[in-house]
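Chains, contacts and geometry: an overview
Below are the chains, spelled out letter by letter.
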Amino acid sequence: MTVRVCTSIWGTAWERYGKKFSESFSKHWDESIEICVTVDKTLEFDRAKQIHLDNTPDYNEFKRKWEANPVYPKNMAGDAITKWKYDIVKWTPQAITPKVALDNNPHWIDGDILIWTDADTIFYDKVDESWVEKVIDDKEVAALFRPTRHTEIGFFAVKLNENTRRFINRWAELFTNYEITLYDEWHSGYAWDIAIKEFNLTINNLNTTKNNSHPFPDSILAEKIKHNKGQFKGKYEGTI
């Protein structure tokens, strides 16, 4: 079993939080664990395999559709509360990055584990394969499922097999073919739930407290990781 990680750092993310992410990842993740990052410029992150978004067929397919026909929901204009739900330009890189990570590495085999972690997370303790195995708990997918809201996908782990590969491809497809615009919300978490429900996968729900808001701090993930989401994005306490 090999564990590999992926994330996306583009736009101004490097300056706001990506550099701190790279430092804590390099310090705490076991050297055997590779990381693939989709980017729009080369970063000072030597440990990472960096793949430029513009060099990926999936992102270019989305861009061609967007440039030919930008889509906005009727209630998006001026509504700061709901705007993020429909910002498909923002969310597409996340949805396609796991597929890009698979497509650009010929060494993946069934049983390997692919992890997504948001780049606004930091790590403060050693992360190795044994801890990852504990997180996924011999299931096909581990994530923070919430009772009545879309899944919190700041971190998730997928054990590769035919069905989980199809799930990853399907998640990307919802954006590359614009299908996500047919649904009530257009962001990556909503699309993730659409895709995962199409496959009969075994699930380890890391949200053991049934927290419907921010379950990350109450989960096993908090043993090693802090997710600085929302108002905490780019703000760090203590040391890494």
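The preceding data block contains the structure.
Below you will find a few notes about this structure. (Residues numbered from 1 in each chain as written. Predicted model: local features only at pLDDT ≥ 70, side-chain atom pairs only at ≥ 80, totals over all residues. Heavy atoms only, no water.)

**Some thoughts on the sheet that holds strand 4 (residues 113–117)**
Strand order in the open sheet formed by seven strands is 3-2-1-4-7-6-8, and the pairing between neighbours is mixed. With one partner strand each, in any of the chains shown, strand 3 (49–52) and strand 8 (203–205) form the two edges of the open sheet. Each neighbouring strand pair of the sheet contributes to a mean axis angle of 20 degrees, computed without reference to strand direction. By the bridge criterion, five bridges tie strand 4 to strand 7 (residues 152–159) in an arrangement that is antiparallel. Directly across from Ile115, in strand 7, lies its bridge partner Ala157. Of the strands in this sheet, strand 1 (3–9), strand 2 (34–39) and strand 4 are in contact with helix 1 (residues 13–28), which crosses strand 1 at around 165 degrees. Its contacts with the sheet put helix 4 (residues 129–136) on strand 1, strand 4, strand 6 (141–144), strand 7 and strand 8, and the angle it makes with strand 7 is roughly 100 degrees. (Pairing = 2+ DSSP bridges. Helix = DSSP H or I, 4+ residues; strand = E, 2+ residues; numbered from the N terminus. Axes fitted to C-alpha atoms, helices over the stretch in contact; angles between N-to-C directions. Contact = heavy atoms within 4.5 Å.)

**Side note on the packing of aromatic side chains**
Scanning the entire structure with this criterion turns up 17 aromatic pairs. Judged by centre distance (6.3 Å) and plane angle (85 degrees), the rings of Phe21 and Phe45 are edge-to-face. Of this pair, Phe21 sits in helix 1 while Phe45 sits in the loop between strand 2 and strand 3, placing them 24 residues apart in sequence. In this structure, Phe21 and Phe45 share a single accessibility class: buried. (Phe/Tyr/Trp six-rings, centres within 6.5 Å; stacked < 30°, edge-to-face > 60°. Buried < 20%, exposed > 50% of the residue type's maximum accessible area, 1.4 Å probe, protein only.)

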